[in-house]
Amino acid sequence: MQLPRWWELGDPCAWTGQGRGTRRMSPATTGTFLLTVYTIFSKVHSDRNVYPSAGVLFVHVLEREYFKGEFPPYPKPGEISNDPITFNTNLMGYPDRPGWLRYIQRTPYSDGVLYGSPTAENVGKPTIIEITAYNRRTFETARHNLIINIMSAEDFPLPYQAEFFIKNMNVEEMLASEVLGDFLGAVKNVWQPERLNAINITSALDRGGRVPLPINDMKEGVYVMVGADVPFSSCLREVENPQNQLRCIQEMEPVITCDKKFRTQFYIDWCKISLVDKTKQVSTYQEVIRGEGILPDGGEYKPPSDSLKSRDYYTDFLITLAVPSAVALVLFLILAYIMCCRREGVEKRNMQTPDIQLVHHSAIQKSTKELRDMSKNREIAWPLSTLPVFHPVTGEIIPPLHTDSYESTNMPLMQTQQNLQHQTQIPQQQTTGKWYP
């Protein structure tokens, strides 16, 4: 099936799309030359068939106005409905879209756009996209099917492809037929090809770009890839000059003579332009040279047979369990011999210990025992270890000062010199100088 020529830039009355809702091309794209572009723009219809070409940009607009008629008229008569509507698109039977197809909708009050570049692998395979519209005010839904029949293009792929990065555009703005037509007309003026196709459009966010700050109406940027049948012009080749390459490394804007033809509407980052010449690309397949790090070919894989011989695991079980148990038993016996049979005993220890150390230790044990017994009952008599044994001056043995009826809980642990009987006053040495009675 021959694909019709939708865009004839030589005709100022050229139309894009097919069926209802077609759009007129901008007069800025007209000229004295003839340009055939196979980009398809279509409007949403229920269970509609579209016929994009492989390797050519495909754009399908999901209009909110069309889907408003699918929902009950809850607004009052004569009232203009502006319900928020969002869309969900997926391949029939799958939760997501095909890899080549993208979808964007900025807000629930803007139209949705399906766009992408079909691949040659999908030629001849109908792709059914389920489109579900959600009314965020009434929670009503409407579903339609879009049948995409991908066709092969006779002039695909175009050998010379250039990808431009436009800084002052968002992807949905660039997908508009008028804007894209203006851009292709500017490229046509600086390239002068016979055939020029829009191959693909990609948002800078899909290439790892950052979301711009919401100031000064900043844009995220968009990549536009176009293909032509003639080599690149000298203007496009100026990007490869050493001077411009050096300016790009220094983050300076390169000097391009044809930039003024784009500057009126499109701000192109010439440092990010990509020129691909498919006529000079060689096959990347190389014969594998076996060497270090490459295993030799082992032939075909031969799985084991289904009839496997039975194996006795009793010996393995004994080795696994008996050997660690025997080692543990030997270690236990050695430890038991060291702890029980190698002890010297208390008597041998006392014989090797000096008598004064034994007496001191015995006194500490006796005092500790008395304190522990005293803590159990505070009404018992004072322990002997807390009472004075002899008079500090005369050396006489002093009996206990308290009687049995004395409250022992108020008795201090150590007796002061004033509490001692027969205490001898020791005269104090007088200091020299005047004495006052």
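Residues numbered from 1 in each chain as written. Predicted model: local features only at pLDDT ≥ 70, side-chain atom pairs only at ≥ 80, totals over all residues. Heavy atoms only, no water.

In the annotation of an unreviewed UniProt entry, the protein chain is listed under the name Epsilon-sarcoglycan and assigned to Odobenus rosmarus divergens. One UniProt comment on the protein chain, placed under Function (unreviewed entry), says "Component of the sarcoglycan complex, a subcomplex of the dystrophin-glycoprotein complex which forms a link between the F-actin cytoskeleton and the extracellular matrix." We quote the UniProt Sequence similarities (unreviewed entry) comment for the protein chain here in full: "Belongs to the sarcoglycan alpha/epsilon family." (UniProt positions renumbered as here; feature names shortened; annotations may be inferred.)

Novice: Which residues make up the state of the cysteines, and what are the values?
Specialist: By the definition in use, this model includes two disulfides. The partner cysteine of cysteine 235 in its disulfide is cysteine 258, sulfur to sulfur 1.4 Å. Its torsion about the S-S bond being -70 degrees, the disulfide of cysteine 235 and cysteine 258 is classed as left-handed. Of this pair, cysteine 235 sits in helix 4 (residues 234-237) while cysteine 258 sits in the loop between helix 5 (242-249) and helix 6 (260-263), placing them 23 residues apart in sequence. Summarising the burial analysis for this pair, cysteine 235 and cysteine 258 share the class buried. The disulfide partner of cysteine 248 is cysteine 271, and the gap between their sulfur atoms is 2.1 Å. Every disulfide takes its handedness from the sign of the S-S torsion; for cysteine 248 and cysteine 271 that torsion is -90 degrees, giving left-handed. Of this pair, cysteine 248 sits in helix 5 while cysteine 271 sits in the loop between helix 6 and strand 16 (274-277), and the two are 23 residues apart along the sequence. Here the disulfide map of the protein chain reads 1-3, 2-4, the bonded cysteines being numbered as they appear in the sequence. Of all cysteine sulfurs, the one in cysteine 341 lies closest to cysteine 340, which takes part in no disulfide; the gap is 6.1 Å. Taking relative accessible area as the criterion, cysteine 340 reaches 59% and is therefore assigned exposed. (Disulfide = S-S within 2.5 Å. Helix = DSSP H or I, 4+ residues; strand = E, 2+ residues; numbered from the N terminus. Buried < 20%, exposed > 50% of the residue type's maximum accessible area, 1.4 Å probe, protein only.)

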